Every structure is written in structure tokens, then in C-alpha cells.
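Observations on the three-dimensional arrangement
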Amino acid sequence: MKNENPHKGHRERMRRKFLEHGIDSFEQHEILELLLFYSYPQRNTNIIAHNLLKKFGSLSGVFDADYKSLTEVEDVGENTATLLKLQSAMCRIYMEDKFKEVKNEQLTPANAGDYVKTLFYGYTTEVFYLLSLDVECRLISADIISKGTVNSAPVYSREVVKKALDTGAAFAILAHNHPNGALFPSDSDIKITKMIEDALSYIKVRLIDHLIVADNRYISLAKEYHVFDKQ
């Protein structure tokens, strides 16, 4: 009598484990393994999951990796790389949608950070946002002003002023990310903040904060660096 295949029913057990106990009961390689079931209907995805983690270091590292780097991992093809790239992008859209009720709330340096963090999920290059607020500091819109490289994003005062005029903002918050993980403002960040603050003042829009996001953390230039103390 032949020995029964020990892997028989493995996929069903994994799916059942997730449905009954949730994702917190999984190790990182198991999460990837389960996800990859939907890219590889037949083959063993455990090895591929381990190879991905070995190359990129963590689950978030896998999801944040660029498309080309993903396809360089053994047995990771175009469909699988696309599936993996979708994860962080979908997470950002999910969080934006989940926090859409923030438009009915006031945003200030004291509470804007948790919302602003959600704007940057999945980005591996610098992105610069303008949050336009009404006269009661309620969010009108959050708009991308520029996208750049892993180390910088070009920002022009005229683009910020134009968007503030288009949205009818009375107050504004700036936000950008540091994909390199550095959670402190550069000299350039401070300079740009002051430049945009001055530009907005000419159209009677008050800049109340500039938030910097890195690795799901954030700092407020208004709270930690007192950039706006003279207002």
C-alpha cells in the first residue's frame, strides 16, 4: 500500500485556517503561500513564498518591491508579480475609502496624521499631497501635487496655489513621504514649507501643517518642529 501524500488537502486546510482563525494566525511565508494559490493553481507555493521573503526581507518588502525585481525571483512570472504589486496599492485604496468619512471632520495638526498615513500606502517613491480644508478645517480634498524619485519630489508653489484656488480652500495641510524611512525633515523640506506658506498667504489660504510620513509613522512640522509658531 502506497503512503498517502502528506500534502494532500493542504490548500483546503490553509483556506479553512484563514476563514476560521484569521490572518493573524499565519506566519509571513504562510500569508504569501496562501495568496500565491490564486496565481498557481497546481504547484507548491511554499518554496516561492520563502524565496520572495529571502530576497525582500519581509512581507511588506515583497509588496513594496518593484515589478522588475519581483520577476527576477525564480518562478515568479508576470501574473504573479502583478498580483503582488496589487496588494499595497489595494491597501491604500481600501484605507482611503475607509477614511472617506474624514471629510465630515475637522483636520488639525493634532489629528491629521492617522488619515494622512493612509495616503501613502504602496508608494515606493516620494509623493507630495495638498490637503485643502474649508473655513472650519474640514477636508475638501486630498490631491497629489507631484510624484518623484525615492529621494525627492519636485514641488512648485504655483501648482499648490492653483489647486488651493480650484478647491476653494481656506486652510491647507501639506504632506509627503520619505520612502527611505527617515522620519525627520530635510533642510529642503523646511525651505519648501516656508515658500509654500508664503505663496498661499497671498491668496488668503493659511497653511497649518506639513506632515512627513515614513514606514507608517509620521511627524508634524507644526507640532514637533514649531515651523508655524509665528502664525
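Here the structure is shown first, and the text comes after it.
Just so we're clear, the structure is a prediction, and the values are computed from it rather than from any experiment. (Residues numbered from 1 in each chain as written. Predicted model: local features only at pLDDT ≥ 70, side-chain atom pairs only at ≥ 80, totals over all residues. Heavy atoms only, no water.)

**Digging into the packing of helix 8 (residues 157–167) against helix 9 (residues 187–201)**
Between helix 8 and helix 9, whose axes approach to 9 Å, the crossing angle comes to 45 degrees. Considering their axes alone, helix 8 and helix 9 lie oblique with respect to each other. For the pair helix 8 and helix 9, the sense of crossing is right-handed. Contacts between helix 8 and helix 9 involve S157, V160, V161 and A164 on the former and, on the latter, M195, I196, A199 and L200. Within the contact of helix 8 with helix 9, the residues separate by chemical class into seven nonpolar, one polar and no charged. (Axes fitted to C-alpha atoms, helices over the stretch in contact; angles between N-to-C directions. Helix = DSSP H or I, 4+ residues; strand = E, 2+ residues; numbered from the N terminus. Parallel < 35°, antiparallel > 145°, perpendicular 65-115°, else oblique. Left-handed = near helix turned anticlockwise from the far one by under 90°. Contact = heavy atoms within 4.5 Å. Nonpolar A, V, L, I, M, F, W, Y, C, P; charged D, E, K, R; others polar.)

**Some details on the nonpolar core**
In terms of nonpolar packing, the biggest core is built from 24 residues, with L32, L52, V62, L70 and L84 touching the most fellow members. Breaking this core down by element, the ones donating at least two residues are helix 2 (28–36), helix 3 (46–56), helix 4 (59–64) and helix 6 (78–98). (Core = buried A, V, L, I, M, F, W, Y, C linked by side-chain atoms within 4.5 Å. Buried < 20%, exposed > 50% of the residue type's maximum accessible area, 1.4 Å probe, protein only.)

**Structural notes on the packing of aromatic side chains**
All chains considered together, the criterion is met by two aromatic pairs. Ring centres 6.5 Å apart and planes at 75 degrees place the aromatic pair F18 and F26 in the edge-to-face group. Their ring planes at 85 degrees and their centres at 5.4 Å tell us that F120 and Y129 sit as a pair that is edge-to-face. This pair shows no difference in class: F120 is buried, exactly as Y129 is. (Phe/Tyr/Trp six-rings, centres within 6.5 Å; stacked < 30°, edge-to-face > 60°.)

**Section: the sheet that holds strand 2 (residues 139–147)**
Strand order in the open sheet formed by five strands is 2-1-3-4-5, with mixed pairing between adjacent strands. The open sheet has two edge strands with one neighbour each: strand 2 and strand 5 (217–220). Within the sheet, the average angular offset between the axes of one strand and its neighbour, ignoring direction, is 20 degrees. Across six bridges, strand 1 (residues 127–133) lies against strand 3 (residues 171–177) in antiparallel orientation. Note that in strand 3 the partner of L131 across the bridge is I173. (Pairing = 2+ DSSP bridges.)

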